[in-house]
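So you can see what is in the structure, the chains are spelled out below.
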Amino acid sequence: MKKKIKASRAVCLIIACLFMFASVVSLSSCFGGRNETKKKTFGITYMTMNDPFYVSMSNGIKPKIEELGGELIELDAKFDQNKQNSDIEDLIQQQVDSYFCCSC
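Everything in this summary refers to the structure shown in the same document. (Residues numbered from 1 in each chain as written. Predicted model: local features only at pLDDT ≥ 70, side-chain atom pairs only at ≥ 80, totals over all residues. Heavy atoms only, no water.)

**Quick word on the overall build of the protein chain**
Thought 1: Across its full length, the protein chain holds three helices and three strands.
Thought 2: Ordered by position from the N terminus, the helices and strands of the protein chain form the series α-β-α-β-α-β.
Thought 3: When each of the 104 residues of the protein chain is scored for burial, the buried share is 30%.
Thought 4: Long-range contacts, defined as pairs at least 24 residues apart, comprise 68% of the intrachain contacts of the protein chain with a sequence gap of at least 6.
Thought 5: Total accessible area on the protein chain stands at roughly 7,100 Å², and carbon and sulfur atoms take up 58% of it. (Helix = DSSP H or I, 4+ residues; strand = E, 2+ residues; numbered from the N terminus. Buried < 20%, exposed > 50% of the residue type's maximum accessible area, 1.4 Å probe, protein only. Contact = heavy atoms within 4.5 Å. Areas by Shrake-Rupley, 256 points an atom, 1.4 Å probe, with all protein chains shown as cover.)

And the structure:
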């Protein structure tokens, strides 16, 4: 039983790492030519920022966006689905170029 749990955790970790890598690659392509004058704005709403997984995601995504000249708006729903829905609406109202809802 413990082997199955460890294996499923390993698979989840691998999937999460692949997702983070794909996110960074896709963010890089969003910037296209670096001669654009408009700064790209991205938004992400996390289910919680009190979890090492989400902190790790933030630590990987934010520096890459800033390196490419963009801005990242990060929101913490604090395990409140209604707040996360509201956060998404706020990002839409702010007209961010792209947003992501992370509630794994």
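Having seen the model, we can carry on.
**Topic: the sheet that holds strand β3 (residues 98-102)**
Thought 1: Taken together, three strands build an open sheet; the order of strands is β2-β1-β3 and the sheet is parallel. Looking at which strands have only one partner, the edges of the open sheet turn out to be β2 (71-76) and β3. Mean inter-strand twist for the sheet, computed between neighbouring axes without regard to direction, equals 15 degrees.
Thought 2: As defined by bridge partners, strand β1 (residues 41-46) adjoins β3 across five bridges and the pair is classed as parallel. For F42, the partnering residue across the bridge sits in β3 and is S98.
Thought 3: Packed on one face of the sheet, helix α2 (residues 52-67) meets β1, β2 and β3 and runs near 160 degrees to β2. (Pairing = 2+ DSSP bridges. Axes fitted to C-alpha atoms, helices over the stretch in contact; angles between N-to-C directions.)

**Some thoughts on the packing of aromatic side chains**
The relation between two aromatic rings is expressed through the spacing of the ring centres and the mutual angle of the planes.
Thought 1: Tallied over the entire structure, the rule returns two aromatic pairs.
Thought 2: Here the aromatic rings of Y46 and Y54 are separated by 6.0 Å at their centres, their planes lie at 65 degrees, and the arrangement is edge-to-face.
Thought 3: For Y54, a relative accessible area of 5% puts it in the buried group.
Thought 4: Ring geometry for F53 and Y54: centres 5.2 Å apart, planes at 75 degrees, overall edge-to-face.
Thought 5: Linked through ring pairs, Y46, F53 and Y54 together constitute an aromatic cluster. (Phe/Tyr/Trp six-rings, centres within 6.5 Å; stacked < 30°, edge-to-face > 60°.)

**Describing helix α3 (residues 81-93)**
Thought 1: For α3, built from 13 residues, the straight-helix expectation of 18 Å at 1.5 Å per residue is met to within 8% by its first-to-last C-alpha distance of 18 Å.
Thought 2: Buried residues along α3 sit against β1, β2 and β3.
Thought 3: Between the side-chain oxygen at the start of α3 and the backbone nitrogen of N82 there is a gap of 3.0 Å, and the oxygen is on D80.
Thought 4: Two residues or fewer after α3 comes Q95, characterised by a positive phi angle close to 55 degrees. (Expected span 1.5 Å × (residues − 1). Polar contact = N/O pair within 3.5 Å; in protein donor to acceptor, adjacent residues only side chain to side chain.)

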